[in-house]
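Working through the structure, step by step
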Amino acid sequence: MRWKKYTIETTTVAEDFLGEMLGELGIDGIEVEDRVPLSERDQADMFIDFLPELPPDDGTSLVSFYVEDDGSDQGALLTKVKSALEKLRDTVDVGAGTITSSETEDLDWVNNWKKFFSSFTVGDIFIRPTWEAETEVPAGKTLIEIDPGISFGTGKHETTQLCIRQLDKRIAGHPRVLDIGCGSGILSIVALKLGAGEVVGTDVDSDCLTSTRDNLRTNGLDTANARFYLGNLIDNEDLRGQVGTGYDIAVANILADVIIPMAPAVFSCVKPGGCFISSGIIDFKEGEVKAALEAAGFAVEEIERQGEWVGIVAVRPEA
């Protein structure tokens with residue numbers, strides 16, 4: 001399927017007005033490109049460590065919308081857009097207001113990335129995408145099959161591998177494991193395959209919980225030993241009540257800016273003598289995370305690095 005992309009050259013102050021105007025014309029969904037820096041709240045909500053380097057904000061904006069290119073004449077729709085755009089000039093500075101068009105193809109983004117994800121090994125774990133079912137499992141390796149779907153977590157990222165190695169090292173005696181930010185469920189599956197007696201997972205994205213449950217079934221794991229909840233441990237008291245306490249291991253492959261405020265909540269979840277495996281920490285934030293873990297009551301036991309990423313294992317001292 002092909003689409004016509006129409007782009008209006010406008011101003012940042014007119015973006016919301018244009019969005020409402022296009023919606024009234026039956027155009028659902030717009031794309032906005034501007035140079036407005038993210039606010040501190042936006043950065044926190046997005047949980048990102050790196051911000052794009054943008055040119056100085058000059059007040060201009062590009063607002064685009066898409067129409068299916070089925071061969072029909074779209075002149076009538078464009079006439080309505082241009083007329084509504086001119087009327088807006090009495091209300092807000094719409095800038096140049098020019099409209100340009102281009103064509104785009106509806107690519108299968110959900111599946112095209114799969115060519116970059118192939119089987120690989122982390123220690124004694126062999127991770128194989130579900131679409132490589134014919135790939136032979138190396139002798140002595142534990143097989144985990146993963147289809148991340150639209151969630152995060154193929155296992156290839158350094159931060160995930162840091163967590164996998166620590167789980168492999170520390171799981172013994174059928175421990176209870178808490179997987180915070182479970183994504184595709186890969187760490188929960190690793191824990192269960194290595195002998196965890198129970199896994200409880202959380203994520204702020206319901207799609208991740210769906211992917212996790214699907215991947216558990218793909219790996220033939222009994223979901224009776226696994227529970228997953230939607231929400232954020234940092235500020236959701238109901239979720240903390242559902243998750244409970246007494247975990248031998250908690251693992252979080254998220255980001256430093258999430259781990260830092262979450263440390264006290266994780267401390268209350270882990271039993272005395274239990275550990276918290278944290279990763280997703282860019283190297284220059286290692287000190288901040290270490291300080292936050294210690295302030296929450298943990299004792300940092302091990303720090304491991306891979307590339308520019310850091311994994312920290314912290315233990316809750318025995319009472």
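Relevant structure appears above.
Residues numbered from 1 in each chain as written. Predicted model: local features only at pLDDT ≥ 70, side-chain atom pairs only at ≥ 80, totals over all residues. Heavy atoms only, no water.

**Brief notes about empty space enclosed by the protein**
Filter applied, for reference: Within this scheme a cavity is a closed region of a 1 Å grid, computed over the protein atoms alone, that accommodates a 1.4 Å probe without allowing it to escape, whereas a pocket is open but has protein on both sides within 12 Å along at least five of seven lines; lining residues each have an atom within 4 Å of a point. Grid points are joined across faces, edges and corners, and a volume is the space filled by probe spheres set on the points. Every helix listed is a DSSP run of H or I at least four residues long, and every strand listed is a run of E at least two residues long, numbered separately from the N terminus. Three classes are used: nonpolar for Ala, Val, Leu, Ile, Met, Phe, Trp, Tyr, Cys and Pro, charged for Asp, Glu, Lys and Arg, and polar for all others, with Gly counted as polar.
What the rule picks out here adds up to 1 cavity of 30 Å³ or more. Considering only enclosed or pocket space, the largest cavity measures out at about 40 Å³ in volume. Considering the residues around the largest cavity, the lining is formed by L162, C163, Q166, I277, S278, E302, E304, G311, I312 and V313. Sorting the residues of the lining of the largest cavity by element identifies α5 (158–170), β12 (270–282), β13 (299–306) and β14 (309–315) as the ones contributing at least two each. The class makeup of the residues in the lining of the largest cavity is 5 nonpolar, 3 polar and 2 charged.

**Here's the deal with the side chain of K5**
Quick reminder of the rule: The classification of residues rests on relative accessible area computed with a 1.4 Å probe and restricted to protein chains. Under 20% of the type maximum is buried, over 50% is exposed, and intermediate values are partly exposed. Any pair of nitrogen or oxygen atoms within 3.5 Å is treated as a polar contact; in protein, a donor-acceptor pairing is required on top of that, and neighbouring residues in sequence qualify only through side-chain atoms on both sides. Two residues form a contact once any of their heavy atoms are found within 4.5 Å.
You can see K5 is positioned in strand β1 (residues 2–11). Judged by its relative accessible area of 18%, K5 is buried. A polar contact of 3.2 Å, which involves the side chain of K5, links it to the side chain of E31. Beyond its immediate sequence surroundings of up to four residues, K5 is in contact with E31, E33, S64, F65, Y66, T100, S101 and S102.

**Re the sheet that holds strand β8 (residues 176–180)**
Which entries qualify depends on this criterion: The pairing criterion for strands is at least two bridges between them, as found by DSSP. For helices, the fitted line uses only the C-alpha atoms of the stretch in contact; every axis is such a line through C-alpha atoms, and the angle between N-to-C directions lies from 0 to 180 degrees.
Spatially, the 7 strands line up as an open sheet ordered β10-β9-β8-β11-β12-β14-β13, and their pairing is mixed. Edge strands, defined here as strands with exactly one partner in the open sheet, are β10 (226–230) and β13. In this sheet, adjacent strand axes meet at a mean angle of 15 degrees when their direction is disregarded.

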